[in-house]
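Report on the structure
As a plain string of letters, each chain reads:
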Amino acid sequence: MTADTMKLKGLYAITDSKLCPPDRILHQVESALRGGASVIQYRDKREEKSGCEGEIAGILALCHRFEALLIINDDIGLARKTGAHGVHLGKDDANLLEARNLLGSSAIIGVSCYNSLDLAKSASANGADYIAFGRFFPSLIKPDAIQAELSLLTEARQEITKPLVAIGGITPENGAPLIAAGADMLAVIHGVFGQPDIHTASRRLSALFTP
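The sections below set out a description of the structure shown in this document. Each residue is numbered by its place in its chain's sequence as written, counting from 1. In keeping with the predicted nature of the model, local features appear solely for residues at pLDDT of at least 70, side-chain atom pairs appear and are counted solely at 80 or more, and the whole-chain, interface and lining totals rest on all residues. Remark: hydrogens and water are excluded; side-chain values derive from all non-hydrogen atoms of the structure.

1. Comments concerning the overall build of the protein
Here is the rule we go by: Comment: elements are numbered from the N terminus, with helices defined as DSSP H or I runs of at least four residues and strands as E runs of at least two. Radius of gyration: C-alpha atoms only; globule rule: 2.2 Å multiplied by the number of residues to the exponent 0.38. Think of it in three bands: with a 1.4 Å probe and only protein chains considered, a residue is buried below 20% of the maximum accessible area for its type, exposed above 50%, and partly exposed in between. Any two residues having at least one pair of non-hydrogen atoms within 4.5 Å are treated as being in contact. For accessible areas, the Shrake-Rupley method is used with a probe of radius 1.4 Å. Any residue's cover is judged against the shown protein chains and nothing else. The charge count includes Lys and Arg as positive and Asp and Glu as negative, but it does not include His or the ends of the chains. By convention, the point assigned to a charge is CZ for Arg, NZ for Lys, CD for Glu and CG for Asp.
Secondary structure assignment for the protein yields 9 helices and 8 strands. For 211 residues, the compact-globule estimate of 2.2 N^0.38 gives 17 Å, and the protein sits close to it at 16 Å. By principal-axis analysis of the C-alpha atoms, the protein measures approximately 40 × 40 × 35 Å. Here the protein, with 211 residues, has 50% of them falling under the buried criterion. In the protein, of all internal contacts separated by at least 6 residues, the share reaching a separation of at least 24 is 59%. In the structure as shown, the protein presents an accessible area of about 9,900 Å², 52% of it carried by carbon and sulfur atoms. The protein carries 21 positive and 24 negative side-chain charges, and their two centres are separated by 3 Å.

2. Description of the pattern of salt bridges
For clarity, the threshold we go by: By salt bridge we mean one thing: a side-chain nitrogen of Lys or Arg within 4 Å of a carboxyl oxygen of Asp or Glu.
Throughout the structure, instances matching the rule amount to 9 salt bridges. Here Arg 43 ties to Asp 16 by a salt bridge, and the two come within 2.9 Å at their closest N and O atoms. Of this pair, Arg 43 sits in the loop between β2 (39-42) and α2 (52-65) while Asp 16 sits in the loop between β1 (10-14) and α1 (25-34), and the two are 27 residues apart along the sequence. With a relative accessible area of 8%, Asp 16 lands in the buried category. The salt bridge involving Glu 53 is made with Lys 81; its shortest N-O contact spans 3.0 Å. Of the two residues, Glu 53 sits in helix α2 while Lys 81 sits in helix α3 (residues 76-82), which places them 28 residues apart along the sequence. Relative accessible area serves as the criterion here: at 35%, Glu 53 is assigned to the partly exposed category. Taken together, the salt bridges that share partners define one network made up of Glu 30, Arg 34 and Arg 65.

3. Digging into α1
Of all 10 residues that make up α1, 7 are buried, and the element is covered over most of its length. Among the residues of α1, those classed as buried are Ile 25, Gln 28, Val 29, Glu 30, Ser 31, Ala 32 and Leu 33. Structurally, α1 contributes buried residues whose contacts are with β1, β2, α2, α8 (190-193) and α9 (198-207). In the stretch just after α1, Gly 36 is the one whose phi turns positive, near 115°.

4. Here we look at the nonpolar core
Across soluble globular proteins, nonpolar side chains have a tendency to be buried as a group. Quick note on the threshold: Among buried residues, those of type Ala, Val, Leu, Ile, Met, Phe, Trp, Tyr and Cys that are joined through side-chain atoms within 4.5 Å constitute a nonpolar core.
Among the nonpolar cores identified, the biggest contains 56 residues, and Ile 40, Leu 70, Ile 131, Phe 133, Leu 153 and Val 192 are the most heavily contacted of them. Looking at this core element by element, the count peaks at 6 residues for α2. Each residue touching Phe 133, except ones within four places of it in the same chain, is listed here: Cys 113, Tyr 114, Ser 116, Ala 120, Leu 152, Leu 153, Ala 156, Leu 164, Val 165, Ala 166 and Ile 167. Core analysis: the second largest hydrophobic core is formed by 13 residues, Val 39, Leu 69, Ala 132 and Ala 187 among them.

5. Looking at the packing of α1 against α9
Short version of the rule: All axes here are fitted lines through C-alpha atoms, helices being fitted over the stretch that makes contact, and every angle between N-to-C directions spans 0 to 180 degrees. Note: crossing handedness is left-handed where the near helix turns anticlockwise from the far helix by less than a right angle, and right-handed where it turns clockwise. Residues are grouped as follows: nonpolar covers Ala, Val, Leu, Ile, Met, Phe, Trp, Tyr, Cys and Pro; charged covers Asp, Glu, Lys and Arg; every other residue, Gly included, is treated as polar.
The N-to-C vectors of α1 and α9 enclose an angle of 35°; their axes lie 7 Å apart at closest approach. In the packing of α1 onto α9, the handedness of the crossing is right-handed. Of α9, the residues touching α1 (which contributes Gln 28, Ser 31, Ala 32 and Arg 34) are Ile 198, His 199 and Ser 202. The residue makeup of the contact of α1 with α9, split by class, is 2 nonpolar, 4 polar and 1 charged.

None of the figures reported here should be taken as evidence of function without further support.
What follows is the structure in structure tokens.
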């Protein structure tokens, strides 16, 4: 376990290009970090990404300042080029082993496994640094995402030693059972960046990890 992988716990805040416009994203990310986010994922689904490297550079500087991690969604090349801490891969993205070869042994690579324990065990065996499951609750960002059950976290915790991430419709009101079931991190998009007070939203979510 590296110093970076030891940071894989707590609030995992994910940016969204619709919720985080270029003129506000750095302020929003700083608010999330001040509220306790330990991981930031840069997620940009825009076709035109000409300004994303500048945004990532600013976010990475903030993450260094707050001793947090920056993960890039989907794009291995962008993660490598910008010096981010790692990449997150979904089912339609690059192969895990390809990502490891390109980014090196110290990079953090996370993998979405939706509602499949078999996918999770395979990803863990192939060197993923964390496993993400979900959605667990109705999601405003991905309303058609595959449903996962709370029991999946419990089963995964018994068989997988890597950090587990829960995602999908998570709020301060429904997040605690996910942690109790085995989640090391709560990945949140709208529940952080869709809120009028990002700092307070992050603080409330981060507080769920305090005994």
